[in-house]
Each structure stands twice: as structure tokens, then as C-alpha cells.
Amino acid sequence: MGDDDIRALAAGAFARFNERENRDAFLDAYHPDVALHGLDGLRRFHEALWEAFPDARLTVEDLVVEGDRVALRYRLQGTHRGPYLGVAPTGVGFDVEGLTLLRLADGRVAEEWHSPTELAILRQIGAVQANVPHAGRERAEPPRRSAAAEAAALRLEERQADQA
């Protein structure tokens, strides 16, 4: 399988995430014995996400192929319309970025490493708050941040609380 074939497979799989009438088509890109690193229960995870955010939309921002690996930087957006991680629907929208690394074999995803976006989503829908000071400037809206930046901000807040 060449780089172009792998690129088409990965791009096609992630485009099917947005097909609301046939979301199983997205999951069909995964081998039944896929090894997930950092994510339990691929189907359960996505079904819960789609139930909570029925308008969830995934956009691939960058796609890099190297051998049998595909790295994706993506944007995930949606509106909180159903329960999510114990939080009742708020009607609030979110817009987060994430990273995924895939290993493909036999035309399907055999392994996936996934950067968690749950904390960023919970912050944007107002379920979790982390007060991070802005370097002397006020903003009308908080800046968009990746899940990694969200986790780093939370660790900083915890360290500051421990020092107080």
C-alpha cells in the first residue's frame, strides 16, 4: 500500500465521521482487533460522543503519511445536546483540536494513539473551570487551545494551589 493509498484511506475514514446517517462507516475503517492506546472502547466512545453532540463535525487540518503510519491534526466541533461524561446538556458549542497517530495494516487501522480532547470539551461547555491568567491582557473570548495545552494549564493551576 503506497503513501497515496494510505492518505486516501485515512482521509476517507475521517470524512465518514461526519456522515450522520451512517456513522458505522467511520468505524468500518478500523480492524476488529484494533489496538487502542489511550482510548477504551472505540465504538462506545464514539457513540457516546455522537449522542451528546449529534452535530459533531470532524475536520482534518493536517495529514502526514510515513510508511504505514498516519498522523492527523484535527478539529472537532459540536453542540452539547445530550449527557456527556455525567454532564447534562447545556446547549453550548465547542471547538477543540486533537492529534491522532494511526498504524495501518491490510487497508484498515490496526493501532491508534489518541490525544484526549475530553478536558477541553468539558471546559468549553462550562463543566470544568481552570483559571489561567492571561499575560496582562483581557480577552472577550478565551483562546482556542489544544487538549495538551488544557492539561498543561490544569497542572500549572494544581502546582500553584499546592504552593499557596
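Residues numbered from 1 in each chain as written. Predicted model: local features only at pLDDT ≥ 70, side-chain atom pairs only at ≥ 80, totals over all residues. Heavy atoms only, no water.

A. Geometry of the overall build of the chain. When helices and strands are counted, the chain shows five helices and five strands. Each helix and strand of the chain, placed in order from N terminus to C terminus, yields the pattern α-α-β-α-β-β-β-β-α-α. Out of the 164 residues in the chain, the part that is buried amounts to 38%. Taking contacts inside the chain between residues at least 6 apart in sequence as the whole, the part at least 24 apart equals 59%. (Helix = DSSP H or I, 4+ residues; strand = E, 2+ residues; numbered from the N terminus. Buried < 20%, exposed > 50% of the residue type's maximum accessible area, 1.4 Å probe, protein only. Contact = heavy atoms within 4.5 Å.)

B. Structural context of the pairing of strand 2 (residues 57-66). The sheet contact formed by strand 2 and strand 3 (residues 69-79) spans nine bridges and is antiparallel. When the sheet's bridge partners are listed, Glu66 is paired in strand 3 with Arg69. Hairpin geometry of strand 2 and strand 3 is characterised by an intervening segment of two residues between the two adjacent antiparallel strands and by a positive phi of about 65° at Gly67. (Pairing = 2+ DSSP bridges.)

C. Summary view of the packing of aromatic side chains. This structure, assessed with the given rule, holds six aromatic pairs. Where Phe17 meets Phe26, the ring centres are 5.4 Å apart and the plane angle is 90°; that geometry is what we call edge-to-face. By the burial criterion, Phe17 is buried, and Phe26 matches it. Here Phe26 and Trp50 contribute two aromatic rings whose centre-to-centre distance is 6.1 Å and whose plane-to-plane angle is 80°, an arrangement assigned as edge-to-face. Here the residue Phe26 occupies a position in helix 2 (residues 24-27), and Trp50 occupies one in helix 3 (residues 42-52), the gap between them amounting to 24 residues. Grouping residues by exposure puts Phe26 and Trp50 together as buried. Members of the aromatic cluster, joined through ring pairs, are Phe17, Phe26, Tyr30 and Trp50. (Phe/Tyr/Trp six-rings, centres within 6.5 Å; stacked < 30°, edge-to-face > 60°.)

D. Structural context of the pattern of salt bridges. Taken as a whole and assessed by the stated rule, the structure comprises nine salt bridges. Arg75 is the partner of Glu61 in a salt bridge, and the nearest nitrogen-oxygen pair spans 3.3 Å. Placement of Glu61 in strand 2 and of Arg75 in strand 3 is noted, with a sequence separation of 14 residues between them. On the basis of relative accessible area, Arg75 is assigned to the buried category, the value being 10%. Salt-bridge contacts for Arg75 lead to Asp95; the nearest nitrogen and oxygen are separated by 2.6 Å. Of this pair, Arg75 sits in strand 3 while Asp95 sits in strand 4 (residues 93-105), and the two are 20 residues apart along the sequence. (Salt bridge = Lys/Arg side-chain N within 4 Å of Asp/Glu carboxyl O.)

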